[in-house]
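What follows is the residue order along each chain.
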Amino acid sequence: MDKNMLAGLEGMPEEDKMRMASMIDQLQIRDSLKMYNSLVERCFTDCVDDFTRKSLKKQEESCVARCAEKFLKHSMRVGMRFAELNQGAATPDN
């Protein structure tokens, strides 16, 4: 976890800082799992339509690959945009 996230907690006891860091780590893990589950559900629903075989057909495989790539690119872009907005909000206006 980024230590800058806890920068506003200087006055807290070390034990509380550690507890807060642990909670933040757990939230980040939870959010990562939610994103992964969302990706799997969305791409499976959009791409897989034939359940007569054990493996995916070539068109299903390529659909899943495109879907996952789009989802991850979108998630990265949204994350970058949030970081830009957060950085702008942290900078005091003159």
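Bear in mind that the values here come from a model prediction, so they are computed numbers and not experimental data.

*Asks:* How would you explain the packing of aromatic side chains if you had to name every residue and give the values?
*Replies:* All chains considered together, the criterion is met by 1 aromatic pair. Look at Phe44 and Phe51: their rings are 6.0 Å apart centre to centre, the planes differ by 45°, and that puts the pair in the tilted class. Look at Phe51 and you get exposed, because its relative accessible area is 59%.

*Asks:* Describe the pattern of salt bridges, and please don't skip the residues or the numbers.
*Replies:* This model, assessed by the stated rule, comprises 7 salt bridges. Here Lys57 makes a salt bridge to Asp50, at a shortest N to O gap of 3.7 Å. A relative accessible area of 25% means that Lys57 is categorised as partly exposed. Three or more residues are tied together by salt bridges with common partners; here these are Glu15, Asp16 and Arg19.

*Asks:* Got a sec to walk through the nonpolar core? Specific residues and values, please.
*Replies:* Counting residues in each nonpolar core, the largest one holds 7 residues, listed as Leu39, Cys43, Cys47, Cys63, Cys67, Ala68 and Phe71. Among the elements of the structure, α1 (14-47) and α2 (58-90) are those that each provide at least two residues to this core. Beyond its immediate chain neighbours, meaning those up to four positions away, Cys67 contacts Leu39, Arg42, Cys43 and Cys47.

*Asks:* Account for the side chain of Glu60, naming residues and giving values.
*Replies:* Note on placement: Glu60 falls in helix α2. In this structure, Glu60 is buried with no salt-bridge partner, the nearest side chain bearing the opposite charge being Lys57 at 4.8 Å. Only 3.2 Å separates the side chain of Glu60 from the backbone nitrogen of Asp50, close enough to count as a polar contact.

Conventions we followed
- Each chain carries its own residue numbering, running from 1 in the written order of its sequence.
- It should be noted that, the model being predicted, local features are given only for residues of pLDDT at least 70 and side-chain atom pairs only at 80 or more, the latter also being counted only at that level, while totals for whole chains, interfaces and linings use all residues.
- The basis for the side-chain values is all heavy atoms of the structure; hydrogens and waters are excluded.
- Centres within 6.5 Å make a pair out of two Phe, Tyr or Trp rings, where for Trp the six-membered ring is used; the pair is then stacked when the planes are under 30 degrees apart, edge-to-face when over 60, and tilted otherwise.
- Any residue under 20% of the maximum accessible area for its type is buried, any over 50% is exposed, and the rest in between are partly exposed; the area is computed with a 1.4 Å probe on protein chains only.
- Salt-bridge detection follows one rule: a side-chain nitrogen of Lys or Arg within 4 Å of a carboxyl oxygen of Asp or Glu.
- Only buried residues count toward a nonpolar core. Its members are Ala, Val, Leu, Ile, Met, Phe, Trp, Tyr and Cys residues joined through side-chain atoms within 4.5 Å.
- Runs of E in the DSSP output that reach at least two residues are strands. Runs of H or I that reach at least four are helices, and both are numbered from the N terminus.
- Should any heavy atoms of two residues lie within 4.5 Å, those residues are considered in contact.
- Here the positive residues are Lys and Arg and the negative ones are Asp and Glu; neither His nor the chain ends is included.
- By the criterion applied in these results, polar contacts are pairs of N or O atoms within 3.5 Å in which, for protein atoms, one can donate a hydrogen and the other can accept it, and in which residues neighboring in sequence qualify only through two side-chain atoms.

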